[in-house]
Amino acid sequence: MSDASSYEIFVDSLTFTHRGATEPSLNDISLRLPKGSRTILVGANGAGKSTLLQILAGKRLVGDGERVFIQGRDVFRDSPRGVTFLGTEWAMNPVVRGDILVSAFLDSVGGYRYKARRDQLLEILDVDLDWRMHAVSDGERRRVQLCMGLMQPWDVLLLDEVTVDLDVQVRDDLLRFLKQDSEGRGATIVYATHIFDGLSGFPTHVAHMAFGTFATAPTAWPLDGGKSLYDVALGWLREDREKRRVLEAAGRKARGPRTEQDVPTDSEAFYKRYDYSH
């Protein structure tokens, strides 16, 4: 327990398997992140980034004996305060796609209590309070989500690919705000993303997840060699692809085209086989 209290985020040898799965999604994950750190999680789709963030947020229950702590408190048995999780699934919720005025929506979640911070985020995210949630684009709906989620000051912020819908200017302004907020209040960020352009000045740490574990544990940024975050991430992901191909050659289920698949090559035979109208 004393080790856990020395870090803002502490995970010790975590293994997690989704219900019904035969292989673990996370295997022997350990994490030690100091207060005020900003960590970028790099990894291919399916590497385990989202699962790890959901566990840190208390959204996926781990087995007895697993040690997952934030601010020295067990995430599942003594829930820490000030933890905010923002993921991509929010914008698909039918509730937030209803005919709701944005100003009323933000007030309904307490925006009036954080007016100065709310107004700063409205400016950064370029949100119109007169928008109606059912009539805006996915990117505009994402901006409302971020405004809603960030209005209340947070101690630990877990971001799962939530900037994917933002245009480059809004994304840059948001990242500047998050960095300043982290530096000014000593708040901690863990951010999983596939967009690395313009991100090199943001993190204090970077980590590489592959096949459900850390290929590179959280490491102080910048790394030796002076490469941009984009180049570092691209190199790691190419290594992952090559490793997967080696595993496939050794018997792992392969992705990509299947040369043995019996698909008709002439159009008449193809449409006879795949005509589902009858």
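So, here's what we can say about the structure. (Residues numbered from 1 in each chain as written. Predicted model: local features only at pLDDT ≥ 70, side-chain atom pairs only at ≥ 80, totals over all residues. Heavy atoms only, no water.)

Side chains of Arg-238, Arg-241, Arg-252 and Arg-255 sit close together on the surface and give a patch of like positive charge. Looking at the secondary structure, you find Arg-255 in the loop between α7 (229-249) and α8 (267-273). Taking the relative accessible area as the measure of exposure, Arg-255 reaches 55% and is therefore exposed. (Patch = residues over 30% accessible without salt bridge, like charges linked within 9 Å, V, L, I, M, F, W, Y side chains within 5 Å. Areas by Shrake-Rupley, 256 points an atom, 1.4 Å probe, with all protein chains shown as cover. Salt bridge = Lys/Arg side-chain N within 4 Å of Asp/Glu carboxyl O. Lys, Arg positive; Asp, Glu negative; His and termini not counted. Charge placed at Lys NZ, Arg CZ, Asp CG, Glu CD. Helix = DSSP H or I, 4+ residues; strand = E, 2+ residues; numbered from the N terminus. Buried < 20%, exposed > 50% of the residue type's maximum accessible area, 1.4 Å probe, protein only.)

Moving on: the side chain of Gln-145. Note that Gln-145 resides in helix α5 (residues 138-150). Here Gln-145 falls in the buried class, since its relative accessible area comes to 1%. Sequence-distant contacts of Gln-145, that is, excluding residues within four places in its chain, are made with Leu-86, Gly-87, Trp-90 and Val-162. (Contact = heavy atoms within 4.5 Å.)

This next bit is on the pattern of salt bridges. The full count for this structure, using the stated rule, is 20 salt bridges. Here Asp-12 makes a salt bridge to Arg-32, at a shortest N to O gap of 3.2 Å. Note that Asp-12 is positioned in strand β1 (residues 9-16) and Arg-32 in strand β2 (residues 26-33), a separation of 20 residues in sequence. You can call Asp-12 partly exposed: its relative accessible area is 25%. Accessibility expressed as a relative area gives 33% for Arg-32, which makes it partly exposed. In this structure, the salt-bridge partner of Arg-176 is Asp-172, at a minimum N-O distance of 2.9 Å. Linking Arg-176 with Asp-172, this pair stays in helix α6 (residues 168-185), spanning 4 residues, or about one helical turn. Assessed through its relative accessible area of 52%, Arg-176 is described here as exposed.

So, about the nonpolar core. One finds Ile-40, Leu-150 and Leu-178 to be the most contacted residues of the largest nonpolar core, which totals 43 residues. When contributions to this core are tallied by element, the ones reaching two or more residues are β3 (38-42), α3 (102-108), α4 (115-125), α5, β7 (156-160), α6, β8 (188-192) and α7. For this core, the element with the highest residue contribution is α6, accounting for 5 residues. Counting residues in hydrophobic clusters, the runner-up holds 26 residues, among them Leu-14, Leu-41, Phe-85 and Ala-192. (Core = buried A, V, L, I, M, F, W, Y, C linked by side-chain atoms within 4.5 Å.)

This part covers the sheet that holds strand β4 (residues 67-70). Strand order in the open sheet formed by 4 strands is β2-β1-β4-β5, with antiparallel pairing between adjacent strands. Pairing within the sheet leaves two strands with one partner each, and these edge strands are β2 and β5 (73-74). By the bridge criterion, 2 bridges tie β4 to β5 in an arrangement that is antiparallel. Its bridge partner being in β5, Phe-69 is matched across the sheet by Asp-74. Running at roughly 120° to β1, helix α2 (residues 49-56) makes contact with β1, β2 and β4 of the sheet. (Pairing = 2+ DSSP bridges. Axes fitted to C-alpha atoms, helices over the stretch in contact; angles between N-to-C directions.)

Glancing now at the environment of Leu-122. Looking at the secondary structure, you find Leu-122 in helix α4. A C-alpha to C-alpha distance of 36 Å links Leu-122 and Gly-226, two positions 104 residues apart in sequence.

Attention now moves to the packing of aromatic side chains. Enumeration over the complete set of coordinates arrives at 3 aromatic pairs. These aromatic residues form a ring-pair network of at least three members: Tyr-7, Phe-10 and Phe-69. Stacked on the ring of Phe-202, the Lys or Arg Arg-38 has its end atom at 5.8 Å from the ring centre. Residue placement shows Arg-185 over the ring face of Trp-154; its charged tip is 5.1 Å from the ring centre. (Phe/Tyr/Trp six-rings, centres within 6.5 Å; stacked < 30°, edge-to-face > 60°. Lys NZ or Arg CZ within 6 Å of the ring centre and 35° of its normal.)

Attention shifts here to the side chain of Thr-193. Inspection of the secondary structure assignment puts Thr-193 in the loop between β8 and β9 (205-210). There is a polar contact of 3.5 Å between the side chain of Thr-193 and the side chain of Glu-161. Within the structure, the side chain of Thr-193 is placed 3.0 Å from the backbone nitrogen of Ile-195, a separation counted as a polar contact. Among residues more than four places away in sequence, those in contact with Thr-193 are Ile-40, Leu-41, Glu-161, Thr-163 and Leu-199. (Polar contact = N/O pair within 3.5 Å; in protein donor to acceptor, adjacent residues only side chain to side chain.)

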